[in-house]
Amino acid sequence: MPEKLKIGFIGGGVNSAVGNTHRIACQMDNRWELVSGCFSRNTEINNQTAKNWNVTRNYTNWREMLQSEVGKIDALAILTPSNAHFDILQESLKLDYPVICEKTITATHQE
């Protein structure tokens, strides 16, 4: 079997409606491994999520994560509320991350 692809999550903490679902879904075929994340702006939830899911590369803010994970992950899943997608997506694409974002990318017509 080929080496597992590495994925990072921005958003999707244990208190979210989508986080655990995405974690399970990305691992169902045994081809992906969740290796890093910035799961929540709330430090307690962020740390609890990383601990529960055995993710050792846990970041306190998404910008730091994007800078630190360049070349270390194969894809980035954006699991934040829709109004936060645009800024995260813009920065992710500037750094050449393949992005998975299944909700709206922008919140306003101007974006």
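Here the structure is shown first, and the text comes after it.
On a predicted model such as this, the values are computed, not experimentally measured, just so you know.

Caption draft 1: Focus on helix α4 (residues 85-94). Residues H85, F86, I88, L89 and S92 constitute the buried set of α4. Looking straight down α4, one finds that the buried residues subtend no more than 165 degrees of arc, so they occupy a single side. On its buried face, α4 sits against β1 (5-11), α3 (62-69), β4 (75-79) and β5 (99-100). Once α4 ends, the next one or two residues include D96, with phi positive near 65 degrees.

Caption draft 2: Focus on the pattern of salt bridges. Here the structure, examined in full by the defined rule, presents four salt bridges. One salt bridge connects E33 with K6, and the closest N-O pair in it is separated by 3.9 Å. A residue pair is termed long-range when its members are at least 10 positions apart, and E33 in strand β2 (residues 32-38) and K6 in strand β1 qualify at 27 residues. Residue E33 is classed as partly exposed on the basis of its relative accessible area, which comes to 34%. Of the charged contacts in the structure, one is a salt bridge between R57 and E69, with a shortest N-O distance of 2.7 Å.

Caption draft 3: Representation of the pairing of β4. With five of five residues buried, β4 is to be regarded as a mostly interior element. Where burial is concerned, the two faces of β4 agree: the one with A75, A77 and L79 and the one with L76 and I78 are both buried. Taken together, the five bridges between β1 and β4 define a ladder with parallel strand orientation. If you follow G11 over to β4, its bridge partner there is L79. Taken together, the two bridges between β4 and β5 define a ladder with parallel strand orientation. In the strand pairing of β5, L76 is matched with V99. Handedness of the β4-α4-β5 crossover: right-handed.

The rules behind the values
Residues numbered from 1 in each chain as written. Predicted model: local features only at pLDDT ≥ 70, side-chain atom pairs only at ≥ 80, totals over all residues. Heavy atoms only, no water. Buried < 20%, exposed > 50% of the residue type's maximum accessible area, 1.4 Å probe, protein only. Helix = DSSP H or I, 4+ residues; strand = E, 2+ residues; numbered from the N terminus. Arc of directions from axis to C-beta. Contact = heavy atoms within 4.5 Å. Salt bridge = Lys/Arg side-chain N within 4 Å of Asp/Glu carboxyl O. Pairing = 2+ DSSP bridges. Right-handed = clockwise from strand over helix to strand, strands pointing away.

Function-wise, these values are silent; they only describe arrangement.
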